[in-house]
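Given next are the chains, with one letter for each unit.
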Amino acid sequence: MTPRTEYSDGAPCWADLITPDRDGAARFYGGLFDWTFDPPHPGFNGYAMVRRNGQSVAGVMQIAPGSGMQVGWNMHFSAADVAATVRKIAAAGGRIAFEPHPVASLGVMMFATDPTGAFFGVWQPGEHRGAEWAYRPGGMCWHELYTRDGARADAFYRAVFEYAQTTIANDKQVDYSRYSRDGRPLCGRLQMTGAWGEVPSHWLTYFAVEDIETSLARVRALDGRTIHGPYATPLGPSALVGDPYGAMFGLTQVTGSYV
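Residues numbered from 1 in each chain as written. Predicted model: local features only at pLDDT ≥ 70, side-chain atom pairs only at ≥ 80, totals over all residues. Heavy atoms only, no water.

Undergrad: Please provide a residue-by-residue account of helix H3 (residues 150–161), values included.
TA: Between its first and last C-alpha atoms H3 spans 16 Å; for 12 residues at 1.5 Å apiece the expected length is 16 Å, and the two agree. Of all the residues in H3, the buried ones are Gly150, Ala153, Asp154, Phe156, Tyr157, Val160 and Phe161. With its buried residues spanning 165° around the axis, H3 presents them on a single face. Positive phi shows up at Glu162, right after H3, with a value of about 60°. (Helix = DSSP H or I, 4+ residues; strand = E, 2+ residues; numbered from the N terminus. Expected span 1.5 Å × (residues − 1). Buried < 20%, exposed > 50% of the residue type's maximum accessible area, 1.4 Å probe, protein only. Arc of directions from axis to C-beta.)

Right under this line is the structure:
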């Protein structure tokens, strides 16, 4: 299949896994998604590309002792001008966690938190444009913000990425909005309730699968766990799962569309 080569401003373009066990993660995700893992790059603190059929799908980095890094999946938005995005983030009440930093000729990266505490990355593309293998089985297919303050989050992301916001009606009294640009849905936002306990605000990446039940069985066989689901979404049956090392992500059997 032809690799994806472009992402518009404000579109989630990349995801990377921070893990305490790179070899264990390779066994888990390789078994689940048929991914292969490049050797750690010594010039990028051991960061490495993850691929499917030779195309980039995500990144992986093992936590260094004493680094303070958190286990989990990070999501990155594409931005043609990261410096301008930094100014918008600060003006809208966000916090810059990691200032823009060039990654050789690949691009420029930075990290921030929104006013509700959710952590995210911003990527200004150079040679690396984003995930080549995406929106097909084994690739990222959707991203959602789970937040304690939906209204505050909405105002922030509208200001930073110029999203159009659509409230999605449902019969479960769930406060959910979809963020779009130029008529194209890019990601979603869910207001967490007391049922979520002490879970902090965060972004979550969903990966496409061919069959949700088969994939959930594979998660369990690989020592992962099902956290919630399957449940119905406009895109298809989905579930929240966790890998054996504490990283949470979503699975979706893509049968529909958010358009």
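Undergrad: Provide a residue-level description of the sheet that holds strand S4 (residues 55–62), including the pertinent values.
TA: Taken together, eight strands build an open sheet; the order of strands is S2-S3-S4-S1-S5-S8-S7-S6 and the sheet is mixed. For this open sheet the edge positions go to strand S2 (36–37) and strand S6 (95–103), each flanked by a neighbour on one side alone. Note: strand S3 (residues 48–52) against S4, five bridges, orientation antiparallel. Its bridge partner being in S4, Met49 is matched across the sheet by Gly59. (Pairing = 2+ DSSP bridges.)

Undergrad: Quick rundown of unusual backbone geometry? Include the residues and the values.
TA: With an omega dihedral of 5°, the bond running from Gly229 to Pro230 counts as a cis peptide bond. Positionally, Pro230 belongs in strand S14 (residues 225–231). The backbone of Asn53 sits at a positive phi, close to 50°, despite the residue not being glycine. If you trace the backbone, Asn53 turns up in the loop between S3 and S4. Judged by its relative accessible area of 60%, Asn53 is exposed.

Remember, this is a structural readout, not a statement about activity or role.
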